[in-house]
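Given next are the chains, with one letter for each unit.
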Amino acid sequence: MSSNSSALPSSDWRIVDPVRMPLHHQQEGSAFFSLEAIALLLYFYRDALAGALRYYLAVLKISPLWFLPDIFALVCIFAFVQRYILMGRSLVAILTLFYICFALYLGYVFLGYFSGMMSSFKMIAPVFVGFCFCGRNFGDYDRLLRWLHPIFYLTIVGIILSSRMQMPWVGYAYESFGTTRQATRLWWSASETRLAGLAADSTMAAFFVFISFVVSSVRRSLLWCLFWTPIGLYAIKLTTNKTSLGVMVIYVVCLIIVRLVPEREKFPMLRRMALLSFLSILVPAVLIALFSGNGLISMSRGLFSLQDRVNNSWQLPFVYMADLMPVGFFVGCGLGCFNYPQLLFSNKLSYYVPVDNFYLGTYLMFGPIFVVFMALVILAVARTRDIYKLSFTVAMNLFTITVLAYGPASGLIMLGVAFSEVFAREKGDSKAASNAAPLVPDVDDLVSRPA
């Protein structure tokens, strides 16, 4: 740490950005509102406020504005090609784009409808928003961070309000690609109402309390984190979403550990946590081996939803794959299979099973090549020096154990951001950035940055 470290207030335990990115990256993130920042922001506000937004856009007869984030996602695909294929000449980027296109075709064969293929394309496009953060320090997007912070408060207020009053958009039906859907619905679990607040469903309301806390907590003091943690957990409890509740508790414990270790150990500790979080990939296999049948229910009736995942969600798609598309075991069954495009646009609806796990769901769509991609991602995370991306890796790996995270798109975008350094050239930008500044920036730089 620099000799001016005493200038920091004693209560400031926040993790600092370990790398100062090149000047052009700082300008792109701070002085200008870049393409990927606008796209991420639009998706976050659309998904976090989806229930209210769908309703009022329809009332004002401006419903087409709902698709504005999707237009930015399309532009991000072109930006990805220009930055990392044409300019960066990343072999991983080239192969990733090629296989996504191939998987889109396989998905068309599997689903049997052109509308299903278009739905699959719309489903996967947001991941390129996250990928476009490759080579860019997320902490340099000061304007983006300032605009993301209010989502935490808005989501909490929306959940609490919905527990006290009936929101006008609850039960509102709308047309989307020829199908009728609801902006938000009331669900009940164990005689409790699953509140959605301003979002479209309770799962996304809980997710945005959690993920907006993760984004905000990096630059906030430990005191701020400890003050808002119980409030956030209370709001999540109102949604009855056990996944977000448990994951936020685990994340806060990890955050406290990182904040309390000696300064020189903070960043290495965070990186180790990010790498260890990939062990969550093995959780479904372990639970299937140990608790297939009624093993979990015999322990507690409250584990019924997890037992259903063990017996059905995580196993049946592979059983059906053998009947529907045996070649899928080698190349995947394509984009949209065992995902919401199959539910909405497919001639195989009777075989639809929700796959409540990101890694299993993605493996089904892409096949064994996804294992190779994830091996490269883990290697990229091992050399990542962006504390935001490492924090997102921990958060999303834990969250996606029981969530597919493809729709709404914000979860997929955060995974894209966390994995984005896989497209960086190891001996190029990443090493140049790591050599551009000492491990801990000067105190004056930190103090001058807005929270």
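Residues numbered from 1 in each chain as written. Predicted model: local features only at pLDDT ≥ 70, side-chain atom pairs only at ≥ 80, totals over all residues. Heavy atoms only, no water.

*Asks:* Go over the overall build of the protein chain, please, and point to the residues and values.
*Replies:* Within the protein chain, the regular secondary structure consists of 23 helices and four strands. Out of the 451 residues in the protein chain, the part that is buried amounts to 53%. The contacts in the protein chain between residues at least 6 apart in sequence include a share of 77% that link residues at least 24 apart. (Helix = DSSP H or I, 4+ residues; strand = E, 2+ residues; numbered from the N terminus. Buried < 20%, exposed > 50% of the residue type's maximum accessible area, 1.4 Å probe, protein only. Contact = heavy atoms within 4.5 Å.)

*Asks:* Summarise the pattern of salt bridges; cite the residues concerned and give the values.
*Replies:* One pass over the full model with this rule turns up eight salt bridges. A salt bridge links Arg272 to Glu265, with the nearest nitrogen and oxygen atoms 3.8 Å apart. Among the residues examined, Arg272 registers a relative accessible area of 40% and is labelled partly exposed. Residue classification places Glu265 among the partly exposed positions, given a relative accessible area of 32%. (Salt bridge = Lys/Arg side-chain N within 4 Å of Asp/Glu carboxyl O.)

*Asks:* Please give an account of the state of the cysteines that cites residues and values.
*Replies:* Disulfide: a covalent bond formed between the sulfur atoms of two cysteine residues. Tallying each qualifying case throughout the model produces one disulfide. A sulfur-sulfur distance of 1.8 Å marks the disulfide that ties Cys333 to Cys337. Because the sign of the S-S torsion sets the handedness, a value of about 60° for the bond joining Cys333 and Cys337 places this disulfide among the right-handed ones. Both residues of the pair, Cys333 and Cys337, belong to the buried class. In this model Cys132 remains outside any disulfide bridge; the closest cysteine sulfur is found in Cys76, 4.5 Å from its own. (Disulfide = S-S within 2.5 Å.)

*Asks:* Got a sec to walk through the packing of helix 9 (residues 202-217) against helix 10 (residues 222-239)? Specific residues and values, please.
*Replies:* Here helix 9 crosses helix 10 at 170°, and the two axes come no closer than 9 Å. Our classification of the angle between helix 9 and helix 10 gives roughly antiparallel. On helix 10, the residues that touch Ser202, Ala205, Ala206, Val209, Phe210, Phe213, Ser216 and Ser217 of helix 9 are Trp224, Cys225, Thr229, Gly232, Ala235, Ile236 and Thr239. Of the residues that constitute the contact of helix 9 with helix 10, the class distribution is nine nonpolar, six polar and no charged. (Axes fitted to C-alpha atoms, helices over the stretch in contact; angles between N-to-C directions. Parallel < 35°, antiparallel > 145°, perpendicular 65-115°, else oblique. Nonpolar A, V, L, I, M, F, W, Y, C, P; charged D, E, K, R; others polar.)

*Asks:* Which residues make up the nonpolar core, and what values do they have?
*Replies:* The nonpolar side chains of a soluble globular protein tend to be buried, and buried together. If you look at the biggest cluster of nonpolar residues, it comprises 125 residues, and the most contacted ones within it are Leu40, Phe80 and Phe138. The dominant element in this core, judged by the number of residues it contributes, is helix 9, at eleven residues. If near-sequence neighbours (up to four positions away) are discounted, Phe80 is found in contact with Ile85, Ala93, Leu97, Phe128, Phe131, Cys132 and Phe423. (Core = buried A, V, L, I, M, F, W, Y, C linked by side-chain atoms within 4.5 Å.)

*Asks:* Mind laying out the packing of aromatic side chains, listing which residues take part and the relevant values?
*Replies:* Per the stated rule, a full pass over the model turns up 39 aromatic pairs. A centroid spacing of 5.0 Å and a plane angle of 80° characterise the contact between Tyr55 and Tyr56, whose relative ring orientation is edge-to-face. Centroid distance Phe318 to Tyr363: 6.4 Å. Interplanar angle 40°. Geometry classified as tilted. Here the residue Phe318 occupies a position in helix 15 (residues 316-324), and Tyr363 occupies one in helix 18 (residues 358-366), the gap between them amounting to 45 residues. For Phe318, a relative accessible area of 23% puts it in the partly exposed group. Linked through ring pairs, Phe80, Tyr84, Phe128, Phe131, Phe358, Tyr359, Phe370, Phe373, Tyr406 and Phe423 together constitute an aromatic cluster. Over the aromatic face of Trp66 sits the side chain of Arg46, whose NZ or CZ is 4.8 Å from the ring centroid. A cation over an aromatic ring shows up here: Arg220 above the ring of Trp224, its NZ or CZ 5.6 Å from the ring centre. (Phe/Tyr/Trp six-rings, centres within 6.5 Å; stacked < 30°, edge-to-face > 60°. Lys NZ or Arg CZ within 6 Å of the ring centre and 35° of its normal.)

*Asks:* Describe the packing of helix 13 (residues 283-291) against helix 14 (residues 304-313), and please don't skip the residues or the numbers.
*Replies:* Where helix 13 meets helix 14, the axes come as close as 9 Å, and the angle between the chain directions of the two elements is 90°. Considering their axes alone, helix 13 and helix 14 lie roughly perpendicular with respect to each other. Here Leu287, Ile288 and Phe291 of helix 13 come into contact with helix 14, specifically with Leu306, Gln307, Val310 and Asn311. Taken together, the residues of the contact of helix 13 with helix 14 break down into five nonpolar, two polar and no charged.

*Asks:* So what's going on with the side chain of Thr155? Residues and values would help.
*Replies:* Looking at where Thr155 falls in the secondary structure, it is placed in helix 8 (residues 142-164). A relative accessible area of 5% places Thr155 in the buried class. The contact partners of Thr155, leaving out residues within four places of it in the chain, are Ala48, Ala205, Phe208 and Val209.

*Asks:* Account for unusual backbone geometry, with residues named and values stated.
*Replies:* Outside of glycine, negative phi angles account for most residues, and trans bonds account for most peptide bonds. Cis peptide bonds are those with omega within 30 degrees of zero, and the linkage from Gly407 to Pro408 qualifies with -5°. Positionally, Pro408 belongs in the loop between helix 20 (387-399) and helix 21 (410-419). For Arg89, which is not a glycine, the phi torsion comes out positive at approximately 50°. Mapped onto the fold, Arg89 is located in the loop between helix 4 (68-87) and helix 5 (91-111).

*Asks:* How would you explain a nonpolar patch on the surface if you had to name every residue and give the values?
*Replies:* Taken together, the side chains of Phe98, Phe102, Tyr105, Tyr108, Val109, Phe114 and Met118 define a hydrophobic patch exposed on the protein surface, amounting to about 710 Å² of accessible area. Taken together, the elements giving at least two residues each to the nonpolar patch come down to helix 5 and helix 6 (114-124). When residues of the nonpolar patch are assigned to their parent elements, the largest contribution, five residues, is made by helix 5. Among the structural elements, Tyr108 can be located in helix 5. (Patch = residues over 30% accessible without salt bridge, like charges linked within 9 Å, V, L, I, M, F, W, Y side chains within 5 Å. Areas by Shrake-Rupley, 256 points an atom, 1.4 Å probe, with all protein chains shown as cover.)

*Asks:* Break down the confidence of the model for the protein chain for me, with residues and values.
*Replies:* The pLDDT averaged across the protein chain works out to 85; a share of 82% of its residues lies at or above 70. Per-element confidence in the protein chain ranges from a low mean pLDDT of 32 for helix 23 (residues 443-448) to a high of 98 for helix 7 (residues 127-131). Counting contacts from residues 1-32, a segment whose pLDDT is below 50, to residues more than four positions away or on other chains yields 79 contacts. (pLDDT = per-residue confidence, 0-100.)

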